[in-house]
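Analysis of the macromolecular model
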Amino acid sequence: MSTPLKIIREKLKITQTELAALMNTTQATISRMEAGQWEPNASQVQAVLEKSNSLGIDLSIDDFVLTNHSTQTTNGSYKDISGELPFNHRHLLGIQNLSANDINFILDLSNNYAERNRTADRKLSLLTGKTVINLFFEESTRTRTSFELAGKRLGADVINISVASSSIKKGETVIDTAVTLNAMHADALVVRHPHAGAVQLLSEKVNCSVINAGDGSHEHPTQALLDALTISRRKGSLQGLLVALCGDVAHSRVARSNIYLLQTMGARIRIIAPPTLIPAGVERLGVEVFHDMNAGLADCDIVMMLRLQRERMKGSFVPSVHEYFHFYGLDYEKLKHAKSDALIMHPGPMNRGVEIDSEVADDFDRSVIHEQVEMGVAVRMACLDILTRTKNRNVL
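Note that the structure is a prediction, hence the values are computed from the model and not measured.

Attention now moves to the pattern of salt bridges. Counted under the stated rule, the structure contains 14 salt bridges. Among the ionic pairs, Lys 334 bridges to Asp 331, the shortest N-O distance being 3.2 Å. For the pair formed by Lys 334 and Asp 331, the shared burial category is buried. Taken together, the shared-partner salt bridges in this structure form one network comprising Arg 268, Arg 270 and Glu 288.

This is how it looks when you write it as C-alpha coordinates:
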(Lines give C-alpha, C1' and ligand atoms only; values in the text may rest on other atoms or scores of the structure.)
Protein backbone atom coordinates (compact mmCIF):
# COMPACT_ATOMS: atom_id res chain seq x y z
CA MET A 1 0.00 0.00 0.00
CA SER A 2 1.50 3.30 -1.11
CA THR A 3 0.90 5.86 1.61
CA PRO A 4 0.11 9.56 1.15
CA LEU A 5 3.56 10.84 2.06
CA LYS A 6 5.25 8.54 -0.45
CA ILE A 7 2.86 9.76 -3.18
CA ILE A 8 3.50 13.38 -2.16
CA ARG A 9 7.27 12.85 -2.26
CA GLU A 10 6.99 11.38 -5.75
CA LYS A 11 4.94 14.41 -6.86
CA LEU A 12 7.60 16.74 -5.44
CA LYS A 13 10.31 14.62 -7.13
CA ILE A 14 12.58 14.65 -4.08
CA THR A 15 14.46 11.92 -2.19
CA GLN A 16 13.76 10.68 1.32
CA THR A 17 16.84 12.56 2.51
CA GLU A 18 15.58 15.82 0.99
CA LEU A 19 12.12 15.28 2.46
CA ALA A 20 13.66 14.59 5.88
CA ALA A 21 15.53 17.91 5.71
CA LEU A 22 12.36 19.71 4.62
CA MET A 23 10.37 18.23 7.52
CA ASN A 24 13.21 18.69 10.03
CA THR A 25 13.42 15.00 10.88
CA THR A 26 15.46 11.91 9.96
CA GLN A 27 15.35 9.57 7.00
CA ALA A 28 14.37 6.73 9.34
CA THR A 29 11.29 8.69 10.43
CA ILE A 30 10.36 9.39 6.81
CA SER A 31 10.51 5.63 6.16
CA ARG A 32 8.09 5.08 9.05
CA MET A 33 5.76 7.81 7.78
CA GLU A 34 5.82 6.43 4.25
CA ALA A 35 5.02 2.99 5.64
CA GLY A 36 1.96 4.47 7.36
CA GLN A 37 3.26 3.79 10.87
CA TRP A 38 3.81 7.37 12.00
CA GLU A 39 2.01 10.56 11.03
CA PRO A 40 3.60 13.96 10.34
CA ASN A 41 2.82 16.75 12.78
CA ALA A 42 1.23 20.06 11.85
CA SER A 43 4.50 21.94 11.32
CA GLN A 44 5.83 19.16 9.07
CA VAL A 45 2.64 19.19 6.98
CA GLN A 46 2.89 22.96 6.69
CA ALA A 47 6.51 22.74 5.50
CA VAL A 48 5.54 20.31 2.74
CA LEU A 49 2.57 22.46 1.68
CA GLU A 50 4.80 25.54 1.46
CA LYS A 51 7.29 23.61 -0.66
CA SER A 52 4.58 22.35 -3.01
CA ASN A 53 3.18 25.87 -3.35
CA SER A 54 6.59 27.24 -4.29
CA LEU A 55 6.85 24.56 -7.00
CA GLY A 56 3.34 25.23 -8.31
CA ILE A 57 2.11 21.78 -7.26
CA ASP A 58 -1.47 21.67 -5.97
CA LEU A 59 -1.51 19.95 -2.57
CA SER A 60 -3.79 20.29 0.44
CA ILE A 61 -4.08 18.81 3.92
CA ASP A 62 -6.51 16.26 2.48
CA ASP A 63 -3.61 14.77 0.50
CA PHE A 64 -2.05 13.63 3.78
CA VAL A 65 -5.05 11.45 4.67
CA LEU A 66 -4.40 7.72 4.33
CA THR A 67 -6.31 6.05 1.49
CA ASN A 68 -6.00 2.56 0.04
CA HIS A 69 -3.36 2.68 -2.70
CA SER A 70 -1.74 -0.39 -4.19
CA THR A 71 -0.02 -1.47 -7.37
CA GLN A 72 -1.45 -4.31 -9.44
CA THR A 73 1.09 -6.68 -10.91
CA THR A 74 0.85 -8.34 -14.30
CA ASN A 75 -0.58 -11.55 -12.84
CA GLY A 76 -3.43 -9.68 -11.15
CA SER A 77 -2.11 -9.85 -7.58
CA TYR A 78 -1.37 -6.77 -5.51
CA LYS A 79 2.06 -5.82 -4.30
CA ASP A 80 2.66 -3.90 -1.09
CA ILE A 81 4.90 -0.96 -2.07
CA SER A 82 5.07 0.73 1.33
CA GLY A 83 8.36 2.39 2.22
CA GLU A 84 11.40 0.17 1.99
CA LEU A 85 13.91 0.12 4.77
CA PRO A 86 17.50 0.93 3.80
CA PHE A 87 18.69 -1.95 6.01
CA ASN A 88 19.26 -5.23 4.23
CA HIS A 89 20.13 -7.57 7.07
CA ARG A 90 17.85 -10.29 8.35
CA HIS A 91 19.64 -10.57 11.71
CA LEU A 92 21.74 -8.36 13.97
CA LEU A 93 24.54 -10.69 14.99
CA GLY A 94 27.36 -8.19 15.25
CA ILE A 95 28.66 -4.77 14.25
CA GLN A 96 31.49 -6.03 12.06
CA ASN A 97 29.26 -6.64 9.02
CA LEU A 98 27.38 -3.31 9.24
CA SER A 99 28.16 -0.34 7.02
CA ALA A 100 28.23 3.28 8.16
CA ASN A 101 24.84 3.74 6.45
CA ASP A 102 23.41 0.77 8.39
CA ILE A 103 24.67 2.22 11.66
CA ASN A 104 23.40 5.71 10.88
CA PHE A 105 19.97 4.35 9.99
CA ILE A 106 19.69 2.51 13.31
CA LEU A 107 20.97 5.52 15.26
CA ASP A 108 18.57 7.93 13.53
CA LEU A 109 15.57 5.78 14.41
CA SER A 110 16.93 5.17 17.92
CA ASN A 111 17.21 8.91 18.46
CA ASN A 112 13.55 9.28 17.56
CA TYR A 113 12.58 6.60 20.03
CA ALA A 114 14.78 8.22 22.69
CA GLU A 115 12.81 11.45 22.33
CA ARG A 116 9.48 9.66 22.28
CA ASN A 117 10.37 7.68 25.41
CA ARG A 118 10.62 10.97 27.29
CA THR A 119 6.97 11.77 26.57
CA ALA A 120 3.78 10.40 28.09
CA ASP A 121 2.81 8.98 24.68
CA ARG A 122 5.57 6.38 24.47
CA LYS A 123 3.44 3.24 24.07
CA LEU A 124 3.14 2.25 20.39
CA SER A 125 1.37 -0.49 18.46
CA LEU A 126 3.91 -1.08 15.67
CA LEU A 127 4.51 -4.70 16.71
CA THR A 128 0.99 -5.57 17.80
CA GLY A 129 0.36 -9.23 17.02
CA LYS A 130 4.08 -10.02 16.83
CA THR A 131 5.98 -12.18 19.33
CA VAL A 132 9.46 -11.47 20.68
CA ILE A 133 11.25 -14.20 22.65
CA ASN A 134 14.16 -13.30 24.94
CA LEU A 135 16.29 -16.43 25.22
CA PHE A 136 19.09 -15.98 27.73
CA PHE A 137 21.54 -18.80 28.39
CA GLU A 138 23.44 -16.48 30.75
CA GLU A 139 22.07 -14.60 33.74
CA SER A 140 21.14 -11.03 32.87
CA THR A 141 18.99 -8.35 34.42
CA ARG A 142 19.86 -5.11 32.63
CA THR A 143 19.96 -6.30 29.03
CA ARG A 144 17.00 -8.67 29.31
CA THR A 145 14.87 -6.03 31.03
CA SER A 146 15.87 -3.46 28.41
CA PHE A 147 14.81 -5.74 25.55
CA GLU A 148 11.60 -6.67 27.35
CA LEU A 149 10.67 -3.02 27.87
CA ALA A 150 11.58 -2.21 24.25
CA GLY A 151 9.33 -4.95 22.91
CA LYS A 152 6.41 -4.00 25.14
CA ARG A 153 6.67 -0.30 24.25
CA LEU A 154 6.34 -1.31 20.60
CA GLY A 155 3.24 -3.36 21.41
CA ALA A 156 4.77 -6.84 20.98
CA ASP A 157 4.01 -9.93 23.04
CA VAL A 158 7.27 -10.58 24.91
CA ILE A 159 8.24 -13.95 26.36
CA ASN A 160 11.30 -14.37 28.60
CA ILE A 161 13.04 -17.74 28.68
CA SER A 162 15.97 -18.10 31.07
CA VAL A 163 18.13 -21.19 30.60
CA ALA A 164 20.83 -22.01 33.14
CA SER A 165 24.15 -22.15 31.30
CA SER A 166 24.99 -25.41 33.08
CA SER A 167 22.22 -27.15 31.11
CA ILE A 168 23.81 -26.33 27.77
CA LYS A 169 26.62 -28.78 27.19
CA LYS A 170 26.85 -29.23 23.41
CA GLY A 171 26.02 -27.40 20.20
CA GLU A 172 23.30 -29.96 19.46
CA THR A 173 21.35 -28.67 22.44
CA VAL A 174 21.35 -25.17 20.98
CA ILE A 175 20.11 -26.55 17.67
CA ASP A 176 17.35 -28.50 19.41
CA THR A 177 16.32 -25.34 21.23
CA ALA A 178 16.28 -23.42 17.94
CA VAL A 179 14.09 -26.04 16.25
CA THR A 180 11.65 -25.97 19.16
CA LEU A 181 11.39 -22.18 19.14
CA ASN A 182 11.07 -22.11 15.37
CA ALA A 183 7.92 -24.22 15.69
CA MET A 184 6.40 -21.45 17.84
CA HIS A 185 6.59 -18.97 14.91
CA ALA A 186 8.16 -16.07 16.82
CA ASP A 187 8.87 -12.88 14.90
CA ALA A 188 12.12 -12.01 16.68
CA LEU A 189 14.49 -13.91 18.91
CA VAL A 190 16.86 -12.11 21.28
CA VAL A 191 19.66 -14.44 22.37
CA ARG A 192 22.47 -14.25 24.91
CA HIS A 193 24.86 -17.19 25.13
CA PRO A 194 28.15 -17.82 26.99
CA HIS A 195 29.90 -19.19 23.90
CA ALA A 196 31.05 -17.14 20.91
CA GLY A 197 29.33 -18.20 17.70
CA ALA A 198 26.35 -19.88 19.35
CA VAL A 199 23.95 -17.09 18.34
CA GLN A 200 25.13 -17.34 14.73
CA LEU A 201 24.51 -21.09 14.82
CA LEU A 202 21.03 -20.61 16.22
CA SER A 203 20.17 -17.95 13.61
CA GLU A 204 20.83 -20.48 10.85
CA LYS A 205 18.12 -22.79 12.22
CA VAL A 206 15.19 -20.40 12.63
CA ASN A 207 12.93 -18.49 10.27
CA CYS A 208 12.66 -15.33 12.38
CA SER A 209 15.10 -12.47 12.88
CA VAL A 210 17.73 -12.96 15.59
CA ILE A 211 19.40 -10.26 17.69
CA ASN A 212 22.65 -11.06 19.44
CA ALA A 213 22.40 -9.87 23.05
CA GLY A 214 25.98 -10.99 23.71
CA ASP A 215 27.81 -14.20 22.81
CA GLY A 216 30.80 -15.05 24.96
CA SER A 217 33.69 -12.66 24.39
CA HIS A 218 32.69 -12.12 20.75
CA GLU A 219 30.21 -9.24 20.26
CA HIS A 220 27.42 -7.25 21.91
CA PRO A 221 26.07 -5.12 19.04
CA THR A 222 23.23 -3.30 20.80
CA GLN A 223 25.60 -2.16 23.57
CA ALA A 224 27.91 -0.58 20.99
CA LEU A 225 24.93 1.06 19.29
CA LEU A 226 23.59 2.53 22.54
CA ASP A 227 27.07 3.77 23.40
CA ALA A 228 27.30 5.44 19.98
CA LEU A 229 23.87 7.02 20.42
CA THR A 230 24.83 8.34 23.85
CA ILE A 231 28.05 9.85 22.50
CA SER A 232 26.49 11.34 19.37
CA ARG A 233 23.69 13.01 21.34
CA ARG A 234 26.29 14.69 23.56
CA LYS A 235 29.06 15.34 21.03
CA GLY A 236 27.07 15.73 17.83
CA SER A 237 29.18 13.28 15.83
CA LEU A 238 31.50 10.31 16.26
CA GLN A 239 33.81 11.47 13.47
CA GLY A 240 37.27 12.42 14.72
CA LEU A 241 36.66 11.64 18.39
CA LEU A 242 39.42 10.03 20.44
CA VAL A 243 37.96 7.21 22.52
CA ALA A 244 39.76 5.29 25.28
CA LEU A 245 38.60 1.76 26.16
CA CYS A 246 40.06 0.97 29.55
CA GLY A 247 40.25 -2.31 31.43
CA ASP A 248 39.50 -5.93 30.62
CA VAL A 249 39.60 -5.81 26.83
CA ALA A 250 40.64 -9.46 26.53
CA HIS A 251 37.31 -10.81 27.79
CA SER A 252 35.06 -7.94 26.66
CA ARG A 253 32.48 -8.37 23.88
CA VAL A 254 31.54 -4.73 24.48
CA ALA A 255 35.08 -3.63 23.57
CA ARG A 256 35.06 -5.58 20.30
CA SER A 257 31.72 -4.24 19.13
CA ASN A 258 32.70 -0.69 20.08
CA ILE A 259 36.00 -0.95 18.21
CA TYR A 260 34.21 -2.06 15.04
CA LEU A 261 31.50 0.59 15.30
CA LEU A 262 33.59 3.57 16.34
CA GLN A 263 36.21 2.95 13.67
CA THR A 264 33.53 2.55 11.01
CA MET A 265 32.15 5.93 12.06
CA GLY A 266 35.53 7.66 11.95
CA ALA A 267 36.64 7.70 15.59
CA ARG A 268 40.14 6.86 16.85
CA ILE A 269 40.49 4.13 19.47
CA ARG A 270 42.96 3.67 22.30
CA ILE A 271 43.16 0.52 24.40
CA ILE A 272 44.44 1.00 27.96
CA ALA A 273 45.01 -2.09 30.09
CA PRO A 274 47.69 -4.25 31.70
CA PRO A 275 49.37 -6.64 29.23
CA THR A 276 47.46 -9.60 30.70
CA LEU A 277 44.11 -8.04 29.74
CA ILE A 278 44.94 -7.13 26.14
CA PRO A 279 44.20 -9.76 23.48
CA ALA A 280 47.08 -10.85 21.27
CA GLY A 281 47.25 -9.05 17.94
CA VAL A 282 44.73 -6.35 18.89
CA GLU A 283 46.88 -3.80 17.03
CA ARG A 284 45.70 -5.38 13.77
CA LEU A 285 42.28 -3.83 14.48
CA GLY A 286 43.85 -0.40 14.05
CA VAL A 287 43.85 0.64 17.71
CA GLU A 288 46.61 2.25 19.78
CA VAL A 289 47.71 0.26 22.82
CA PHE A 290 48.75 1.82 26.14
CA HIS A 291 49.68 0.24 29.45
CA ASP A 292 49.76 3.54 31.36
CA MET A 293 46.45 5.26 32.15
CA ASN A 294 47.84 8.78 32.31
CA ALA A 295 49.52 8.51 28.90
CA GLY A 296 46.58 6.70 27.31
CA LEU A 297 43.96 9.18 28.52
CA ALA A 298 45.84 12.24 27.22
CA ASP A 299 43.46 14.42 25.16
CA CYS A 300 40.72 11.77 25.01
CA ASP A 301 37.12 12.85 24.29
CA ILE A 302 35.53 9.69 25.68
CA VAL A 303 36.67 7.48 28.56
CA MET A 304 34.90 4.13 28.53
CA MET A 305 35.64 1.86 31.47
CA LEU A 306 35.18 -1.89 31.09
CA ARG A 307 34.12 -4.34 33.78
CA LEU A 308 36.59 -6.93 35.03
CA GLN A 309 35.03 -10.12 33.64
CA ARG A 310 36.13 -12.33 36.49
CA GLU A 311 33.58 -15.01 35.61
CA ARG A 312 35.39 -15.52 32.27
CA MET A 313 38.91 -15.53 33.70
CA LYS A 314 40.66 -18.85 34.01
CA GLY A 315 43.66 -18.07 36.15
CA SER A 316 45.06 -14.89 37.67
CA PHE A 317 45.10 -11.87 35.35
CA VAL A 318 45.64 -9.14 37.98
CA PRO A 319 47.63 -9.34 41.24
CA SER A 320 44.76 -7.95 43.33
CA VAL A 321 41.68 -5.79 43.00
CA HIS A 322 43.32 -3.10 45.13
CA GLU A 323 46.40 -2.95 42.91
CA TYR A 324 44.24 -2.98 39.75
CA PHE A 325 42.29 0.06 40.93
CA HIS A 326 45.52 1.86 41.87
CA PHE A 327 46.88 1.57 38.33
CA TYR A 328 43.80 1.24 36.12
CA GLY A 329 40.75 2.35 38.11
CA LEU A 330 39.37 5.70 36.95
CA ASP A 331 39.62 8.51 39.51
CA TYR A 332 39.89 12.28 39.14
CA GLU A 333 43.68 12.18 39.27
CA LYS A 334 43.83 10.02 36.14
CA LEU A 335 40.84 11.72 34.50
CA LYS A 336 42.56 15.13 34.52
CA HIS A 337 44.77 13.90 31.65
CA ALA A 338 41.72 13.58 29.37
CA LYS A 339 39.99 16.60 27.88
CA SER A 340 38.14 18.77 30.38
CA ASP A 341 34.80 17.89 28.76
CA ALA A 342 35.55 14.18 28.30
CA LEU A 343 32.53 11.93 28.85
CA ILE A 344 32.71 9.04 31.32
CA MET A 345 31.06 5.78 30.27
CA HIS A 346 30.63 2.25 31.61
CA PRO A 347 28.52 -0.57 30.11
CA GLY A 348 27.56 -1.81 33.56
CA PRO A 349 27.22 -3.33 35.97
CA MET A 350 29.95 -1.27 37.65
CA ASN A 351 32.36 -2.53 40.27
CA ARG A 352 32.84 0.67 42.26
CA GLY A 353 36.30 0.98 43.69
CA VAL A 354 37.61 -1.54 41.16
CA GLU A 355 37.11 -0.06 37.67
CA ILE A 356 35.87 3.34 38.67
CA ASP A 357 35.73 5.62 41.70
CA SER A 358 32.21 6.36 43.00
CA GLU A 359 32.70 10.12 42.80
CA VAL A 360 33.67 9.90 39.13
CA ALA A 361 30.85 7.48 38.30
CA ASP A 362 28.30 9.85 39.84
CA ASP A 363 29.71 13.04 38.30
CA PHE A 364 26.56 14.81 37.13
CA ASP A 365 28.28 16.85 34.43
CA ARG A 366 30.54 14.25 32.82
CA SER A 367 29.21 10.78 33.61
CA VAL A 368 26.65 9.47 31.09
CA ILE A 369 26.34 6.00 32.60
CA HIS A 370 22.64 6.36 33.42
CA GLU A 371 22.01 7.90 30.02
CA GLN A 372 23.51 4.77 28.46
CA VAL A 373 20.82 2.71 30.18
CA GLU A 374 18.11 5.04 28.85
CA MET A 375 19.49 4.92 25.30
CA GLY A 376 19.59 1.13 25.51
CA VAL A 377 15.80 0.92 25.46
CA ALA A 378 15.60 3.27 22.46
CA VAL A 379 18.24 1.35 20.49
CA ARG A 380 16.56 -1.99 21.17
CA MET A 381 13.20 -0.57 20.13
CA ALA A 382 14.78 0.52 16.85
CA CYS A 383 16.42 -2.87 16.26
CA LEU A 384 13.21 -4.81 16.95
CA ASP A 385 11.24 -2.42 14.74
CA ILE A 386 13.70 -2.61 11.83
CA LEU A 387 14.23 -6.37 11.88
CA THR A 388 10.61 -7.40 12.26
CA ARG A 389 9.66 -5.11 9.38
CA THR A 390 12.61 -6.19 7.23
CA LYS A 391 11.56 -9.81 7.30
CA ASN A 392 8.23 -9.24 5.57
CA ARG A 393 8.67 -6.02 3.60
CA ASN A 394 7.51 -5.72 -0.02
CA VAL A 395 6.18 -9.27 -0.33
CA LEU A 396 3.59 -10.12 -2.98
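This part is about the pairing of strand β8 (residues 268-272). In terms of residue burial, β8 counts as a mostly covered element, since 4 of its 5 residues are buried. Relative to β8, strand β7 (residues 242-246) runs parallel, the two being bridged by 5 bridges. Looking across to β8, one finds that Val 243 is bridged to Ile 269. After leaving β7, the chain enters helix α10 (residues 253-264) and then returns to the sheet as β8, a path that is right-handed. The pairing of β8 with strand β9 (residues 288-290) spans 3 bridges and is classified as parallel. In the sheet register, Ile 272 faces β9, and the bridge partner there is Phe 290.

Under the criterion given, the structure shown has 1 aromatic pair. Sitting over the face of the ring of Phe 325, Lys 334 holds its NZ or CZ atom 5.7 Å from the ring centroid.

In this section: the packing of helix α3 (residues 27-34) against helix α5 (residues 100-116). Two elements in contact, α3 and α5, have axes separated by 7 Å at closest approach and are oriented at 75 degrees. As judged from the angle between their axes, α3 and α5 are roughly perpendicular. Touching Ala 28, Thr 29, Ser 31 and Arg 32 of α3 are Phe 105, Asp 108, Leu 109 and Asn 112, all from α5. Grouping the constituent residues of the contact of α3 with α5 by class yields 3 nonpolar, 3 polar and 2 charged.

Let us now look at the sheet that holds strand β10 (residues 302-305). In a beta sheet, neighbouring strands are held together by backbone hydrogen bonds and run either parallel or antiparallel to one another. Ordered in space as β9-β8-β7-β10-β11, the 5 strands form an open sheet in which the pairing is parallel. Only two strands of the sheet have a single neighbouring strand rather than two, namely β9 and β11 (343-345). Each strand of the sheet is rotated relative to its neighbour by a mean of 20 degrees, with strand direction disregarded. Docked against the sheet, helix α9 (residues 221-235) engages β10 and β11, running at close to 165 degrees with respect to β11.

Below, the discussion takes up the nonpolar core. In this structure, Tyr 113, Leu 225, Leu 261 and Leu 330 are the most contacted members of the largest nonpolar core, which totals 107 residues. Those residues in contact with Leu 330, other than ones at most four positions away along the chain, are Met 293, Leu 297, Val 303, Met 305, Phe 325, Leu 335, Ile 344, Glu 355, Ile 356, Asp 357 and Val 360. Of all hydrophobic cores here, the second largest spans 16 residues; its members include Val 163, Ala 178, Leu 181 and Leu 202.

Let's shift gears to the environment of Ser 237. Here Ser 237 shows up in the loop between α9 and β7. Separated by 28 residues in sequence, Ser 237 and Met 265 place their C-alpha atoms 8.8 Å apart. Within the local environment of Ser 237, its side chain forms a polar contact with the backbone nitrogen of Gln 239, the two atoms lying 3.0 Å apart.

Further remarks concern the pairing of β7. The buried count for β7 comes to 5 of 5 residues, which makes it a mostly enclosed element. Alternating positions in β7 separate into two faces, Leu 242, Ala 244 and Cys 246 on one and Val 243 and Leu 245 on the other, with burial throughout. Pairing analysis gives 4 bridges linking β7 to β10, with the strands arranged parallel. Directly across from Cys 246, in β10, lies its bridge partner Met 305.

Rules and cut-offs
Residues numbered from 1 in each chain as written. Predicted model: local features only at pLDDT ≥ 70, side-chain atom pairs only at ≥ 80, totals over all residues. Heavy atoms only, no water. Salt bridge = Lys/Arg side-chain N within 4 Å of Asp/Glu carboxyl O. Buried < 20%, exposed > 50% of the residue type's maximum accessible area, 1.4 Å probe, protein only. Helix = DSSP H or I, 4+ residues; strand = E, 2+ residues; numbered from the N terminus. Pairing = 2+ DSSP bridges. Right-handed = clockwise from strand over helix to strand, strands pointing away. Phe/Tyr/Trp six-rings, centres within 6.5 Å; stacked < 30°, edge-to-face > 60°. Lys NZ or Arg CZ within 6 Å of the ring centre and 35° of its normal. Axes fitted to C-alpha atoms, helices over the stretch in contact; angles between N-to-C directions. Parallel < 35°, antiparallel > 145°, perpendicular 65-115°, else oblique. Contact = heavy atoms within 4.5 Å. Nonpolar A, V, L, I, M, F, W, Y, C, P; charged D, E, K, R; others polar. Core = buried A, V, L, I, M, F, W, Y, C linked by side-chain atoms within 4.5 Å. Polar contact = N/O pair within 3.5 Å; in protein donor to acceptor, adjacent residues only side chain to side chain.

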